Amino acid sequence: MVQIYAPIGLVALIVIARTLWQANLVNSAISITFGLWLMHTLQPQLLPLSVLLCVVAVAYLLAILIDSYFLAYRDELTGLPSRRALYNLVLSLGRTYSVAMVDIDHFKKFNDTYGHDVGDQVLKLVAAKLAKVTGNGKVFRYGGEEFTIVFPRKNTGETLDHLQAVRESIEQYQIVLRDEKRKQQSKQTRGQANNKSQKTVSVTVSIGVAEHLKGQTFDQCMKVADEALYRAKKKGRNQVCQ
C-alpha cells in the first residue's frame, strides 16, 4: 500500500506547492483536476468518470474565460483596470460624475536617470496609492504615466479633498532604490548596508479634474480634465486644478 500511495502523495505535494508558489487560475484548475482524479481513484463510486470529466471541463473553461477577461481589462504592470475597462464603465455612468486625469511629474526624466526597472517600480507605487483613493473613485491606467479617476455621482467640489489626499500620499512616500550590488552581499553585510545609506527618491503627480456637463460626451469631459491637468503642470506641478 505504501508503494502505491507514495507516488500519489508526492504528486499531491508538487501540485499544492506549485499552486501556492504561483497562485493563478491555471494552477488552480490543475489542483482541482488532480483532487477530483484522486477522489475518483480512491472511491470511484462517489464520483463517476462522466461527472469528473464534466467538472474538469467546466473548471478549465472558467479559468480560460476569467484569464481572458483579466488580459483584456487589466493592466499587466500595475494591476489596475485598463482603458478598455474605463470605457465599459462609461456605459453605466449617469448624468452626474467627475473625471480626473493624473500624470506623474517628470516621469521621462526620472526613467532616463534611473532606468526602466525603477520606472516600472514608480508606476506600480503610484498605481497602488491611487487605488486607495477615497470618495468612491474608480481608478484606471489610461496609458504610459497617465491615470484616470472617475467619481460617479460627484461634482468637482466633492472630489477635491479626495484628490488632494491621494496626491499628498504619493508626494510623502519615499521610494527606496534597489541596488544591484546589494544582491551579491552576504546576509551579515546586507543588514549593515541597509542601516548606513539607502538612496531614496520621491515622485509627485499633477491632477486635473472636470465635471460632466449636460450635453457633453465622456470624451469631451475627459478633454476638459486634460486641459485642467495641463494648467496644473504649467503652474508648477504637484497640484490639483479644475
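Details of the structure are given in the entry above.
Predicted model, so just to flag it, every value in this text is computed and none were measured.

So, how was this worked out
Residues numbered from 1 in each chain as written. Predicted model: local features only at pLDDT ≥ 70, side-chain atom pairs only at ≥ 80, totals over all residues. Heavy atoms only, no water. Helix = DSSP H or I, 4+ residues; strand = E, 2+ residues; numbered from the N terminus. Buried < 20%, exposed > 50% of the residue type's maximum accessible area, 1.4 Å probe, protein only. Contact = heavy atoms within 4.5 Å. Areas by Shrake-Rupley, 256 points an atom, 1.4 Å probe, with all protein chains shown as cover. Pairing = 2+ DSSP bridges. Axes fitted to C-alpha atoms, helices over the stretch in contact; angles between N-to-C directions. Parallel < 35°, antiparallel > 145°, perpendicular 65-115°, else oblique. Phe/Tyr/Trp six-rings, centres within 6.5 Å; stacked < 30°, edge-to-face > 60°. Left-handed = near helix turned anticlockwise from the far one by under 90°. Nonpolar A, V, L, I, M, F, W, Y, C, P; charged D, E, K, R; others polar. Core = buried A, V, L, I, M, F, W, Y, C linked by side-chain atoms within 4.5 Å.

Focus on the overall build of the chain
Reasoning step 1: Looking only at helices and strands, the chain features 9 helices and 7 strands.
Reasoning step 2: Looking at the chain residue by residue over its 242 residues, the buried ones come to 37%.
Reasoning step 3: Taking all contacts inside the chain whose residues are at least 6 apart in sequence as the whole, residues at least 24 apart take part in 66%.
Reasoning step 4: Working note: accessible area of the chain is about 15,200 Å², and carbon and sulfur atoms make up 57% of it.

As for the sheet that holds strand 2 (residues 138-143)
Reasoning step 1: In spatial order, the strands read 2-3-1-6-7; together these 5 strands make up an open sheet with mixed pairing. A strand with exactly one partner marks an edge of an open sheet, and here the two such strands are strand 2 and strand 7 (240-241).
Reasoning step 2: Lying on the sheet, helix 6 (residues 116-130) is in contact with strand 1 (97-104), strand 2, strand 3 (146-152) and strand 6 (205-211); it crosses strand 3 at an angle near 5°.
Reasoning step 3: Where helix 7 (residues 156-172) meets the sheet, its contacts fall on strand 1, strand 3, strand 6 and strand 7, and the angle it forms with strand 6 comes to roughly 170°.

Brief notes about the pairing of strand 3
Reasoning step 1: Extensive coverage of strand 3 is indicated by the burial of 7 of its 7 residues.
Reasoning step 2: Alternating residues of strand 3 divide into Glu146, Thr148, Val150 and Pro152 and Phe147, Ile149 and Phe151, and every residue in both groups is buried.
Reasoning step 3: Sheet analysis places strand 1 next to strand 3, joined by 7 bridges and oriented antiparallel. Residue Asp103 lies in a different strand from strand 3, and its bridge partner there is Glu146.
Reasoning step 4: Here strand 2 runs beside strand 3; their pairing, made up of 5 bridges, is antiparallel.

Points about the packing of helix 4 (residues 83-90) against helix 9 (residues 218-234)
The description of two packed helices rests on the angle between their axes and on the distance between the axes.
Reasoning step 1: Contact geometry for helix 4 and helix 9: axes closest at 11 Å, N-to-C directions at 120°. On the basis of their axis angle, the class for helix 4 and helix 9 is oblique. Where helix 4 abuts helix 9, its residues Leu86, Tyr87 and Val90 lie against Phe218, Asp219 and Met222.

Topic: the packing of aromatic side chains
The relation between two aromatic rings is expressed through the spacing of the ring centres and the mutual angle of the planes.
Reasoning step 1: For the structure shown, the criterion picks out 3 aromatic pairs.
Reasoning step 2: On the numbers, 6.1 Å between centres and 35° between planes, the contact of Tyr97 with Phe218 is tilted. On the criterion of sequence distance, the pair formed by Tyr97 in strand 1 and Phe218 in helix 9 is long-range, its members being 121 residues apart. In this structure, Tyr97 and Phe218 share a single accessibility class: buried.

Focus on the packing of helix 6 against helix 7
Reasoning step 1: Two elements in contact, helix 6 and helix 7, have axes whose closest approach is 9 Å; the angle formed by their N-to-C orientations is 145°. You can see that helix 6 and helix 7 cross each other, and the crossing is right-handed. Residues Val126, Lys129 and Leu130 of helix 6 form the contact with helix 7, whose own contacting residues are Val166, Ser169 and Ile170.
Reasoning step 2: Looking at the contact of helix 6 with helix 7 residue by residue, the class counts come to 4 nonpolar, 1 polar and 1 charged.

Things to note about the pairing of strand 1
Reasoning step 1: Burial analysis of strand 1 places 8 of its 8 residues in the buried class, which makes it a mostly covered element.
Reasoning step 2: On strand 1, burial covers both faces: Tyr97, Val99, Met101 and Asp103 on one face and Ser98, Ala100, Val102 and Ile104 on the other are all buried.
Reasoning step 3: As paired elements, strand 1 and strand 6 share 7 bridges and run antiparallel to each other. If you follow Val102 over to strand 6, its bridge partner there is Ile207.

Regarding unusual backbone geometry
Reasoning step 1: Positive phi, normally seen in glycine, also occurs at Asn136, with a value near 65°.
Reasoning step 2: With respect to the helices, strands and loops of the structure, Asn136 is situated in the loop between helix 6 and strand 2.
Reasoning step 3: Assessed through its relative accessible area of 37%, Asn136 is described here as partly exposed.
Reasoning step 4: Here Asn238, not a glycine, exhibits a phi torsion of approximately 55°, which is positive.

Some thoughts on the nonpolar core
Reasoning step 1: By size, the foremost hydrophobic cluster in this structure holds 29 residues, and its most contacted members are Val122, Val126, Leu130, Phe147 and Ile149.
Reasoning step 2: With 7 residues, the single largest contributor to this core is helix 6.
Reasoning step 3: By size, the runner-up hydrophobic cluster in this structure holds 17 residues, among which are Tyr73, Met101, Phe140 and Ala210.

Nothing here speaks to function; it is geometry throughout.
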